[in-house]
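# Results of the structural survey
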Amino acid sequence: MHDTPQGGPPAPGHHSGVRRAFAASLTGTALEWYDFAVYSAAAALVFGDHFFPSKDPLTGTLLAFSTYAVGYVSRPLGGIVFGRLGDVIGRKKVLIATLVLIGAATFLIGVLPTYSTAGVAAPIALVLLRFAQGVGVGGEWGGAVLLSSEFGDPRRRGFYASAAQVGPPAGNLLANGVLAALGALLTESQFESWGWRVAFLLSAVLVCFGLWIRVRLEETPVFRAMEAERSRPRAPVQEVFTTQPRALTAAVLCRVAPDVLYAMFTVFVLTYATEELGMSRGSALAAVLIGSSLQVVMIPLAGAVSDRVDRRLLYGCAAVAAGVWPFVFFPMAGGGWVPLAAGVVVGLAIHSFLYGPQAAFIAEQFSPRLRYTGSSLAYTLAGVIGGAVAPLLFTALLSAYGSWVPLALYIAVTAVVTLAGVYLGRGAQAAADEDAMLAATPAQKPADAV
């Protein structure tokens, strides 16, 4: 059944507010994912030698990816803490805090001494800073989604909410572009010695720009309406678990395959191309760069398409494609750089049609007063069982079996898990009706004290 909202939208506010919110959601999330993506790329390329020295290259890679996983495992803490605050004190304040947290952690990684200088203190500090990054990202996503979607027309929620979804590929594009430029300008020894640090230090400038945009924003109309009718939750985390377990389950499961697919085609593919296929680091980064640049356009396009067709059906079809494509990609990747790059582009295009509608689909599972908490919990919990362990499993499976087939089967299983989440989820109309009721709240009613 077609589930695109058909009723009239609640008043979304001035068009300028919608545009500012869309820009703040996109740029802020992109800047935070730049920080996160720089770490991901560095974990695949240099951290094994600098922070986890070992005579066995596989051990160093596994340990480096372990710190990558820490950034996912810490996300639920960010989702719980910042998600709750987002439903209690507002979206804007929380999004400023998450931006500062992840930016500071990334800058400190750029000045961190290596194992050869500080010994075991170096990898410990790296893990702690990675943990802080994950906490920040865990609280960021839900708020960024609501920031753009709650200013916009619920009939176009797929498009507006996709602003936050453009952040990861945009940040990944910027991060890999910076690393590729440094790799081209510096010698191999210069890049491995100090060049990689430049990408982390640049985060200070980028975060200042993001703060300038977010500080100028107003609170979202939906949260202002919640304040006016005194409906803000007092214990949102408890409410989500006790009153909306099916919504949470559906939202968690629908994220698993997209996270694993993204980890394959933006993180693990760097290791696979260099260590298994014998390609240069620059060639592998270029393939990811091309795919990520196309995602910047494909993700909002997919979000807009999901506003015109059944969002659940589109999501389900993309999940099926995600389960099938690895069986095509791995055989063709061995044919050289062009087939590899084409395979990455198609893989990230499939990811776009999962990721574009995903923000709207997840937000629609929860009532407006619990959306920040519910969306953040779903995002972070899914990250632990999806993206966090994916690079580790990819590396371990390839080492154990010496074949790409177990990797492809693993992705196919996650696609089935995501299909189960889509089946359990509800459509867009119910969420649009709730928004319309909330937007009818008289604006002149006084807000209650925090």
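Counting starts from 1 at the beginning of each chain's written sequence and moves along it residue by residue. A pLDDT threshold of at least 70 governs which residues receive local features in this predicted model, and a stricter bar of 80 or more applies before side-chain atom pairs are shown or counted, although totals over entire chains, interfaces and linings include all residues. The basis for every side-chain value is the complete set of heavy atoms in the structure, and neither hydrogens nor water enter the calculation.

### As for the overall build of the protein chain
The helix and strand inventory of the protein chain stands at 21 helices and 0 strands. The rule is simple: take the accessible area with a 1.4 Å probe, protein chains only, and divide by the maximum for that residue type; under 20% is buried, over 50% is exposed, in between is partly exposed. In the protein chain, buried positions account for 58% of the 450 residues. We call two residues in contact whenever any of their non-hydrogen atoms come within 4.5 Å of each other. In the protein chain, 87% of the contacts between residues at least 6 apart in sequence involve partners at least 24 apart. A 1.4 Å probe and the Shrake-Rupley method give the accessible areas. Residues count as covered only by the protein chains that appear here. As presented, the protein chain carries roughly 16300 Å² of accessible surface, and 69% of it is formed by carbon and sulfur atoms. The secondary structure listing takes helices from DSSP runs of H or I that are at least 4 residues long and strands from runs of E that are at least 2 residues long, numbered from the N terminus.

### A few points about empty space enclosed by the protein
A 1.4 Å probe that fits into a set of points on a 1 Å grid over the protein atoms alone but cannot get out defines a cavity; an open set with protein on both sides within 12 Å along at least five of seven lines defines a pocket, and lining residues are those with an atom within 4 Å of a point. Grid points are joined across faces, edges and corners, and a volume is the space filled by probe spheres set on the points. Under the definition given, this model contains 2 cavities of 30 Å³ or more. Taken as a whole, the second largest cavity holds about 80 Å³ of empty space. For the lining of the second largest cavity, the secondary structure elements donating two or more residues are α13 (245–276) and α17 (337–363). By residue number, the principal contributor to the lining of the second largest cavity is α13, which donates 4 residues. Amino acids are sorted into nonpolar (Ala, Val, Leu, Ile, Met, Phe, Trp, Tyr, Cys and Pro), charged (Asp, Glu, Lys and Arg) and polar (every other residue, Gly among them). Of the residues assigned to the lining of the second largest cavity, the class counts are 7 nonpolar, 1 polar and 3 charged.

### Some points on the packing of aromatic side chains
Each aromatic ring pair is specified by the distance between its two centres and by the angle formed by the two planes. Here the aromatic set is Phe, Tyr and Trp, taking the six-membered ring for Trp, and pairing holds for ring centres within 6.5 Å; pairs whose planes are under 30 degrees apart are stacked, those over 60 apart are edge-to-face, and all others are tilted. Taken as a whole, this structure holds 15 aromatic pairs when the rule is applied. Measuring from centroid to centroid gives 6.4 Å for Phe-327 and Trp-404, while their planes differ by 75°, and the two rings are edge-to-face. With Phe-327 in helix α16 (residues 326–333) and Trp-404 in the loop between α19 (390–401) and α20 (405–424), the pair connects residues that are 77 residues apart, well separated along the chain. What links up through ring pairs into an aromatic cluster is the set Phe-265, Phe-268, Tyr-272, Phe-327, Phe-329, Phe-330, Phe-394, Trp-404 and Tyr-410. A cation sits over an aromatic face here: Arg-216 above Trp-212, 4.7 Å from the ring centre. One cation-aromatic arrangement involves Arg-255 over Trp-141; the distance from NZ or CZ to the ring centre is 5.5 Å. We call a charge positioned over a ring when the NZ of a Lys or the CZ of an Arg lies within 6 Å of the ring centre and within 35 degrees of the ring normal.

### Some words on the nonpolar core
Definition of nonpolar core: a set of buried residues of the types Ala, Val, Leu, Ile, Met, Phe, Trp, Tyr and Cys, connected through side-chain atoms within 4.5 Å. Formed by 116 residues in total, the largest nonpolar core has its most connected members in Phe-47, Phe-329 and Phe-394. Broken down by element, the residue count for this core peaks at 16 residues, all from α13.

### With respect to helix α5 (residues 91–110)
In this scheme, a helix's expected span is set at 1.5 Å multiplied by one less than its residue total. Compared with an ideal rise of 1.5 Å per residue, which puts 20 residues at 28 Å, α5 spans 29 Å between its outermost C-alpha atoms and is within 8% of the ideal. Residues of α5 that are buried: Arg-91, Val-94, Leu-95, Thr-98, Leu-99, Ile-102, Gly-103, Ala-105, Thr-106, Ile-109 and Gly-110. Considered in projection along α5, the buried side chains sweep an arc of 165° and stay on one side of the axis. Directions from the helix axis toward the C-beta atoms define the arc.

### Some points on the packing of α13 against α17
A pair of packed helices is captured by two measures, namely the crossing angle of their axes and the spacing between those axes. Axis lines are fitted through C-alpha atoms, for helices just across the contact stretch, and the angle between N-to-C directions can take any value from 0 to 180 degrees. Remark: α13 packs on α17, axes separated minimally by 10 Å, with the N-to-C direction vectors making an angle of 155°. Between α13 and α17, the angle is such that the two are roughly antiparallel. By crossing handedness, the relation of α13 to α17 is classed as left-handed. In contact with Ala-251, Cys-254, Arg-255, Pro-258, Leu-261, Tyr-262, Phe-265, Thr-266, Val-269 and Ala-273 of α13, α17 contributes Leu-340, Gly-343, Val-344, Gly-347, Leu-348, Ile-350, His-351, Leu-354, Tyr-355, Gln-358, Phe-361 and Ile-362. Here the residues of the contact of α13 with α17 sort into 16 nonpolar, 5 polar and 1 charged. Comment on the angle field: the value is read as roughly parallel under 35 degrees, roughly antiparallel over 145, roughly perpendicular from 65 to 115, and oblique elsewhere. By convention the crossing between two helices is left-handed if the near helix lies anticlockwise of the far one by an angle smaller than a right angle, and right-handed if it lies clockwise.

### A look at the pattern of salt bridges
For salt bridges, the criterion is a side-chain nitrogen of Lys or Arg within 4 Å of an Asp or Glu carboxyl oxygen. Evaluated as defined, the whole model comprises 8 salt bridges. Among the salt bridges present, the one from Arg-91 reaches Glu-150, with a minimum N-O distance of 2.8 Å. One end of the pair, Arg-91, is in helix α5; the other, Glu-150, is in the loop between α7 (121–149) and α8 (157–185), with 59 residues separating them in the sequence. Like Arg-91, the residue Glu-150 is buried in the burial classification. The closest approach of N and O atoms between Glu-239 and Arg-369, which form a salt bridge, is 2.6 Å. Separated by 130 residues along the polypeptide, Glu-239 in helix α12 (residues 236–243) and Arg-369 in the loop between α17 and α18 (371–385) bring together distant segments of the chain. Residue classification places Arg-369 among the partly exposed positions, given a relative accessible area of 26%. What emerges from the salt-bridge pattern is a single network uniting Arg-157, Asp-307, Arg-311 and Glu-364.

### Regarding the confidence of the model for the protein chain
Known as pLDDT, the predictor's per-residue confidence is scaled from 0 to 100. Per-residue pLDDT for the protein chain has a mean of 83; in total, 87% of the residues score no lower than 70. Between the elements of the protein chain, mean pLDDT differs from a low of 63, seen in helix α21 (residues 428–439), to a high of 96, seen in α20. Across residues 443–450, confidence stays below pLDDT 50; counting only partners more than four residues off in sequence or on other chains, it has 12 contacts.

### So, the packing of α8 against helix α9 (residues 188–201)
Orientation of α8 relative to α9, taken along the N-to-C sense of each, is 145°, at an axis distance of 9 Å. The hand of the α8/α9 crossing is right-handed. Residues Val-178, Leu-179, Leu-182 and Gly-183 of α8 form the contact with α9, whose participating residues are Phe-191, Gly-195, Val-198 and Ala-199. Class assignment for the residues of the contact of α8 with α9 results in 6 nonpolar, 2 polar and no charged.

### Overview of the side chain of Thr-418
Structurally, Thr-418 is set in helix α20. Contacts described as polar in this section are N or O atom pairs within 3.5 Å, which, within protein, must combine one atom able to donate a hydrogen with one able to accept it, while residues neighboring in sequence count only if both atoms come from side chains. Here Ala-257 takes part through its backbone nitrogen, which lies 2.9 Å from a polar atom of the side chain of Thr-418. Look past the residues within four positions of Thr-418 in its chain and what remains in contact with it is Leu-253, Cys-254, Arg-255, Val-256, Ala-257, Pro-258, Tyr-315 and Ala-319.

### A short note on a nonpolar patch on the surface
A grouping of Leu-77, Ile-80, Val-81 and Phe-131 is seen on the molecular surface, where their side chains present a nonpolar patch of about 310 Å² in accessible area. By the secondary structure assignment, Leu-77 is in helix α4 (residues 75–88). Classification of Leu-77 by relative accessible area gives partly exposed; the value is 41%. Like-charged residues within 9 Å of one another, or nonpolar side chains (Val, Leu, Ile, Met, Phe, Trp, Tyr) within 5 Å, are grouped into patches, provided each residue has over 30% relative accessible area and no salt bridge.

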